[in-house]
Amino acid sequence: MKRLLSCTASDFAGMCPQTLKTAIQASAGRTVASECIVAMEPLVPGLTNAEVAAAFGADMILLNLYDVLNPSIRGLPESADGPLQTLKRLIGRPVGINLEPVGEGVALEAIDRLPAGRLATAETFAAAEAQGADYICLTGNPGTGVTNDAILGAIRLCKQHFTGLIIAGKMHGAGVAEETFDLEAFAAFAEAGADIILMPAPGTVPGVSEEACRVAVRQVQQTGALALSAIGTSQESADRDTVREIAMASKRAGFDIQHIGDGASGGVADPENILALSVAIRGKRHTVFRMAQSVLR
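Residues numbered from 1 in each chain as written. Predicted model: local features only at pLDDT ≥ 70, side-chain atom pairs only at ≥ 80, totals over all residues. Heavy atoms only, no water.

Colleague: Looking at this model, I keep getting lost on the state of the cysteines. Mind explaining?
Modeller: Throughout the structure, instances matching the rule amount to zero disulfides. You can see Cys158 has no disulfide; the closest cysteine sulfur is in Cys137, sitting 11 Å from it. Take Cys213: it sits in no disulfide, and the sulfur closest to it among the cysteines is that of Cys137, at 16 Å. (Disulfide = S-S within 2.5 Å.)

Okay, here's the thing in C-alpha cells:
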C-alpha cells in the first residue's frame, strides 16, 4: 500500500478502485486533480492538455466534453487501443471523465442540449467501463441543467454499470436555480454510494466559506467518502496568489483532493497555476517527484 503522492505509473496501472481511494486518503490532502477539455485545440500543439497538466504536477486527470459514444481526444495520436487507454499509457496517471445528469429545474440561463455520449445514462456508464475510465465525475458544465436530484439518481444507476470510483457534486449552478453547496445533498450522495463528494472550493462560489467547507468535509468523511474541492469558476486562470489562497483554504478545510478546472485559454488551467497549487499543498519535493517521474517506472 502506498500514498498516492508516492505512486508511480506501474503502481497506478495495478490499482483497483478501492486501492486508489485508499491511496488518496493516505496522502492527507495532497492530491491534485486537473480537469482538461478534450474537444478543442490543445493549449500546446502536438500535445494533449492532459499531458501538459501531468507535466506540471497533476496526480489525476479529469476529461471534460469527452463523448464516450464517439470517443476522441484532441492532440492524441491514433491508436488501436482507443483514446482513453492511449492517454493513460502516455501519462501514467489515473484518468476519469465527466458525465452530466441533466434534470428538471428552474433555468437561470439558456440550457445547452448535450450529445448522448456526454449524458449520465446506463449506456454511457457501460461505455466508460469498457474504455477503462478509472472514475466518473457526475457534475454539470455551465448551462447544462444538471441538478442535485439528477446527480443522486445517476449515482444509483452508475453503481449498476460501472466499477470504478464515482465522484459526485456541482462546482457551480450549471444553469439552474438551486443551492450548489447543499449539506443534505452531500450526505445523500455519499449514502447512495458516491466515493468522492465534490463541492466548490472556498471562495469560488458566493457564500462558500472555509468554515462551511470544513463542516461539510467532516460530515462527508464520517460516512467513509472522500471530499474534493473544485475550482470550477474560471479562477483557474486567476493570478497565482489567488490560486494559492484557495488551495490553502481548502487544505485547512480538510479536503482530500484539490481540483483545478479547465476554464482558461486552451481548455486547461494555466500550467503555472497547477504548479502553484501543487507546491502550496505539498511542497516542492513531492511536486518535483510527480513532475519529473518517468512513465516507465
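Colleague: What should I look at first to understand the pairing of strand β6 (residues 196-200) in this one?
Modeller: The side chains of a regular strand alternate between the sheet's two faces. Within β6, five of the five residues are buried, which leaves it mostly tucked inside the rest of the structure. Direction of pairing for strand β5 (residues 165-168) relative to β6: parallel, over a ladder of two bridges. Looking across to β6, one finds that Ile167 is bridged to Ile196. Once the chain exits β5 it traverses helix α7 (residues 183-192) before rejoining the sheet at β6, and the crossover so formed is right-handed. (Buried < 20%, exposed > 50% of the residue type's maximum accessible area, 1.4 Å probe, protein only. Helix = DSSP H or I, 4+ residues; strand = E, 2+ residues; numbered from the N terminus. Pairing = 2+ DSSP bridges. Right-handed = clockwise from strand over helix to strand, strands pointing away.)

Colleague: Any chance you could explain the environment of Cys158 here in plain terms?
Modeller: As for its position among the elements, Cys158 is in helix α6 (residues 148-161). Along the primary structure Cys158 and Ala122 are separated by 36 residues, whereas in three dimensions their C-alpha atoms are 6.9 Å apart.

Colleague: Where do I start with the pattern of salt bridges in this structure?
Modeller: Once their charged atoms are close, side chains differing in charge can pair, the charge on each being opposite to the other. Within the structure shown, the criterion is met by 13 salt bridges. A salt bridge links Asp195 to Lys21, with the shortest nitrogen-to-oxygen separation between them at 3.8 Å. Of this pair, Asp195 sits in the loop between α7 and β6 while Lys21 sits in helix α2 (residues 17-26), and the two are 174 residues apart along the sequence. You can call Asp195 buried: its relative accessible area is 11%. Close ionic contact of Arg252 with Glu210 constitutes a salt bridge, the shortest N to O distance being 3.1 Å. One end of the pair, Arg252, is in helix α9 (residues 240-253); the other, Glu210, is in helix α8 (residues 210-222), with 42 residues separating them in the sequence. Residue classification places Glu210 among the partly exposed residues on the basis of a relative accessible area of 29%. Within this structure, Asp59, Arg282 and Arg290 form a network of salt bridges that share partners. (Salt bridge = Lys/Arg side-chain N within 4 Å of Asp/Glu carboxyl O.)

This is a description of form; function is not addressed.
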